[in-house]
Amino acid sequence: MENSEDGKRYIIWFLWKQNKSGSEILYEMEKVYGSKCPGKSMVYKWIDRFNDGHSTVDDNPRPGRPKTCSNQENIKIISNILDKDRRVTLRQLEEELGMSKSILDKIPTEQLGMSRVLSRWVPKLLSESQRIERVRVCRQFLRISKKEPKFFDRLVTGDETWLHFYEPKTSLQTSQWKRRHEATPIRPRAVASAGKRMATVFWDTKGIIMIDWLPNKVTINTEYYVQVLKKLREAIKSKRRGKLSSLFFFSMIMLQPIPAGELWMKFNI
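Here the structure is a predicted model, which means the values were calculated and not measured.

A. Structural context of the packing of aromatic side chains. The final tally for this structure, using the stated rule, is three aromatic pairs. Here the aromatic cluster, defined as three or more aromatic residues joined through ring pairs, consists of F141, F151 and F152.

B. Fine view of the pairing of strand β6 (residues 196–204). Summarising the sheet, β6 and strand β7 (residues 207–213) pair through six bridges and their orientation is antiparallel. Bridging from a neighbouring strand, T200 pairs with D212 of β7. Connecting β6 to the antiparallel partner β7 that follows it, the hairpin turn spans two residues.

C. Broad picture of the pattern of salt bridges. For the structure on display, the rule yields eight salt bridges. When the shortest N-O distance is used, the salt bridge between E148 and R154 registers 2.4 Å. For E148, a relative accessible area of 31% gives the class partly exposed. Residue class for R154 comes out partly exposed when judged on its relative accessible area of 24%. Within the structure, one salt-bridge network assembled from shared partners comprises D204, R240 and K243.

D. Focus on helix α3 (residues 40–51). For α3, spanning 12 residues, the distance from its first C-alpha to its last is 16 Å, which sits close to the expected 16 Å at 1.5 Å a residue. All of the buried residues along α3 are M42, V43, W46, I47, R49 and F50. Axial view of α3: buried residues confined to an arc of 160°, hence all on one face. Note on α3: the residue one or two positions beyond its end, G53, has a positive phi of about 100°.

Parameters at a glance
Residues numbered from 1 in each chain as written. Predicted model: local features only at pLDDT ≥ 70, side-chain atom pairs only at ≥ 80, totals over all residues. Heavy atoms only, no water. Phe/Tyr/Trp six-rings, centres within 6.5 Å; stacked < 30°, edge-to-face > 60°. Pairing = 2+ DSSP bridges. Helix = DSSP H or I, 4+ residues; strand = E, 2+ residues; numbered from the N terminus. Salt bridge = Lys/Arg side-chain N within 4 Å of Asp/Glu carboxyl O. Buried < 20%, exposed > 50% of the residue type's maximum accessible area, 1.4 Å probe, protein only. Expected span 1.5 Å × (residues − 1). Arc of directions from axis to C-beta.

If you want it as structure tokens, here you go:
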């Protein structure tokens, strides 16, 4: 039964009973079924039904699609489904709509002008405000570099990120439908999972200077950052001799780069 549609619905119901979210249920099922996993729209449809009090995994009685259903109606139905879930496969459409494979082979490509493409890897997904801030900061540093040609050589950059334990998906699992005029879809290199750890990384034009791993059960506060800066100062002295005297330090959250001497003095290190 586990490969049947009823079996998959029972799994959705079982995970729903465990109070898992829709994204968690979809992630768990993708790990098991891979390319045969039900589409996002199907998973969320059954979650909504269970939330509304639907007590079985059986479909509601319906008269079925008339045999006289026109091609334009089919195109509209499939277009709406693909716009909601770009990862749905032709097999899933065939199971969900009961249409023949000969129809489904032509509508996405010939009628809707869509093609199946692989997602493009990116380190992480940024919000619109984050992208705008990145552009603003980069332009600011370019203006400074015109006045000080060696500005970038005198910078040490710091950033922090959560590194997740995850199971990579296959290329087939992450392929999506896209229209001709649309950009290639992107996906982050890692997806959230049960385990994660924060790393604070510092680097300059020559490469990474230091990576500091946040210990378990340690709170991120001013005292923690002071200790990190002390480690950074020693790492710069060890790996970049002579750089402290002319160094500028900046963080992406700071509006202006600040002289390292002022930084050490401010934190008494």
